[in-house]
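Working through the structure, step by step
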Amino acid sequence: QVQLVESGGGLVQPGGSLRLSCAASGSIFPINTMGWYRQAPGKQRELVAVILSGDSTNYADSVKGRFTISRDNAKNTVHLQMNSLKPEDTAVYYCNAEATMYRSIALPYTYWGQGTQVTVSS
C-alpha cells in the first residue's frame, strides 16, 4: 500500500515561516507528480503547489513568491517552504502524489496524506 507521511505543520505568527515535508512509500509505479493542497474550514480544497518529476512547478497565485516547492525523486519526498505566512494561509495542508503515466500509458493512481494543520495567527 502507498503511504504518504506529512510533517512540519504547526502554529506560526504572521510573517513567519514553516517547512512542510512529505514522504511517499510503497508505490508500485513511479510517482510522476507530487504537490500540496490545502483546505480551510468551509472552503474547497485548493492547489497550493505541484512539482513534476522533471522539476517543473506550478503555484497558486496566492502563494507565488512566498512558497517554494521542491522534491527529491530518489526519496519520493516533497517539501514546501512557506515564507511570509499570512492568516489566510491557515488551513489543513495535504500532500498529494500521483502515478499518472507509465511508458506512455495513463494511470489513475492518486494518493493523499492525512493532512497537517498550519495555523497562522498572532
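My aim in this report is to walk through the structure given alongside it, one point at a time. These numbers come from a predicted model, not from an experiment. (Residues numbered from 1 in each chain as written. Predicted model: local features only at pLDDT ≥ 70, side-chain atom pairs only at ≥ 80, totals over all residues. Heavy atoms only, no water.)

Here we look at the state of the cysteines
In this structure the tally under the stated criterion is one disulfide. Linked covalently through their sulfurs, C22 and C95 form a disulfide whose S-S length is 2.0 Å. Judged by the sign of its S-S torsion, about -85 degrees, the bond between C22 and C95 is left-handed. Note that C22 is positioned in strand β3 (residues 18-25) and C95 in strand β9 (residues 91-102), a separation of 73 residues in sequence. Judged by relative accessible area, which is 1%, C22 ranks as buried. Since its relative accessible area comes to 0%, C95 is described here as buried. (Disulfide = S-S within 2.5 Å. Helix = DSSP H or I, 4+ residues; strand = E, 2+ residues; numbered from the N terminus. Buried < 20%, exposed > 50% of the residue type's maximum accessible area, 1.4 Å probe, protein only.)

Quick notes on the environment of N96
Structurally, the position occupied by N96 is in strand β9. Among residues more than four places away in sequence, those in contact with N96 are L4, T33, M34, G35, Y37, T110, Y111 and W112. In terms of polar contacts, N96 uses its side chain to reach the backbone carbonyl oxygen of Y111, at 3.4 Å. (Contact = heavy atoms within 4.5 Å. Polar contact = N/O pair within 3.5 Å; in protein donor to acceptor, adjacent residues only side chain to side chain.)

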